[in-house]
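Single-letter residue listing:
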Amino acid sequence: MNDIYAGIRQAQPEVMGYMISDGWRRDPKRIAFTAARYKFVAKMLEGKENVLEVGAGDGWISRIVGQHVGNLTLTDTIGGPNILRHDFLDGPLPGKYDGAYLLDVLEHIRRGAEHTFLSNIKACVNGPVIVGMPSLESQVYASEYSKRGHINCKTKDGLRQAMKQVWEEVFMFGMNDETLHTGMSASYWIAVGI
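Residues numbered from 1 in each chain as written. Predicted model: local features only at pLDDT ≥ 70, side-chain atom pairs only at ≥ 80, totals over all residues. Heavy atoms only, no water.

Participant: Give a detailed account of the overall build of the chain, specifying residues and quantitative values.
Facilitator: Broken down by element type, the chain carries seven helices and eight strands. The globule rule puts the C-alpha radius of gyration for 194 residues at 16 Å, and the 17 Å found for the chain is close to it. Viewed in the frame of its principal axes, the chain has a C-alpha envelope of about 60 × 40 × 30 Å. For the chain, the residues scored as buried account for 45% of the 194 residues in total. (Helix = DSSP H or I, 4+ residues; strand = E, 2+ residues; numbered from the N terminus. Rg over C-alpha atoms; globule rule 2.2 N^0.38 Å. Buried < 20%, exposed > 50% of the residue type's maximum accessible area, 1.4 Å probe, protein only.)

Participant: Any details on the pairing of strand β6 (residues 170-176)? Residues and values, ideally.
Facilitator: Sheet analysis places β6 next to strand β8 (residues 188-193), joined by six bridges and oriented antiparallel. Looking across to β8, one finds that Phe 173 is bridged to Ile 190. (Pairing = 2+ DSSP bridges.)

Participant: Describe helix α2 (residues 18-26), naming the residues involved and giving the relevant values.
Facilitator: Among all positions of α2, only Ile 20, Ser 21, Asp 22 and Gly 23 are buried. Each element contacted by the buried residues of α2 is listed here: α3 (29-44) and α6 (144-149). (Contact = heavy atoms within 4.5 Å.)

Participant: Describe the layout of surface pockets, and please don't skip the residues or the numbers.
Facilitator: Taken as a whole, the largest pocket holds about 1,500 Å³ of empty space. Along the walls of the largest pocket sit 49 residues, with Arg 30, Asp 104, Glu 107, Ser 146 and His 150 positioned nearest its centre. When contributions to the lining of the largest pocket are tallied by element, the ones reaching two or more residues are α2, α3, β2 (71-76) and α6. Among the elements that line the lining of the largest pocket, the one with the most residues is α3, at seven residues. Here the second largest pocket is characterised by a volume of approximately 260 Å³. Looking at the second largest pocket, it is lined by 17 residues, and the ones nearest its centre are Asp 58, Gly 59, Leu 74, Pro 81 and Ile 83. Elements represented by at least two residues in the lining of the second largest pocket include exactly α4 (63-66) and β2. In terms of residue class, the lining of the second largest pocket is made up of seven nonpolar, seven polar and three charged. (1 Å grid on protein atoms, 1.4 Å probe; cavity = no way out; pocket = protein on both sides within 12 Å on 5 of 7 lines; lining within 4 Å. Points joined across faces, edges and corners; volume = space filled by probe spheres on them. Nonpolar A, V, L, I, M, F, W, Y, C, P; charged D, E, K, R; others polar.)

Quick look at the structure:
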């Protein structure tokens, strides 16, 4: 009889990154929500040759997008293995990308600096930029741990207006857990700037 699991048992086990491991310990279901966000990005940027992720953290879950694009450049202010250390408050990256995304990043950028931050991202991207963040409304349910770093959460209109200062067209989506929608309220907002 054919053992369909033989190849799986022989493969090296994957080690989670430090951020996703922390999520696994604190709230395992949150990994499903995060993966759903990355899957949305992967489908929106599918077929793009050079894609940029801003704020990749440990980069572990970025592989979902990496399956759907030609080249994926990961950046974060702390850097790491296979992650370019860069702060977009200091300026854009050299070169051009044909798509970019940042998930769970903008809420950590102070309001007075967000225009510079977003403009520097746009300066190195010829294509759509996807920005995802927890909604302002969801913060009443956020843990104290999360609230400490969430200094700039926004309403749907607040995120749209911040994006419209940099991009001509902005399309808005909401997410509740793994469910993507275009409704009026959400625990997570996603804006696509073109």
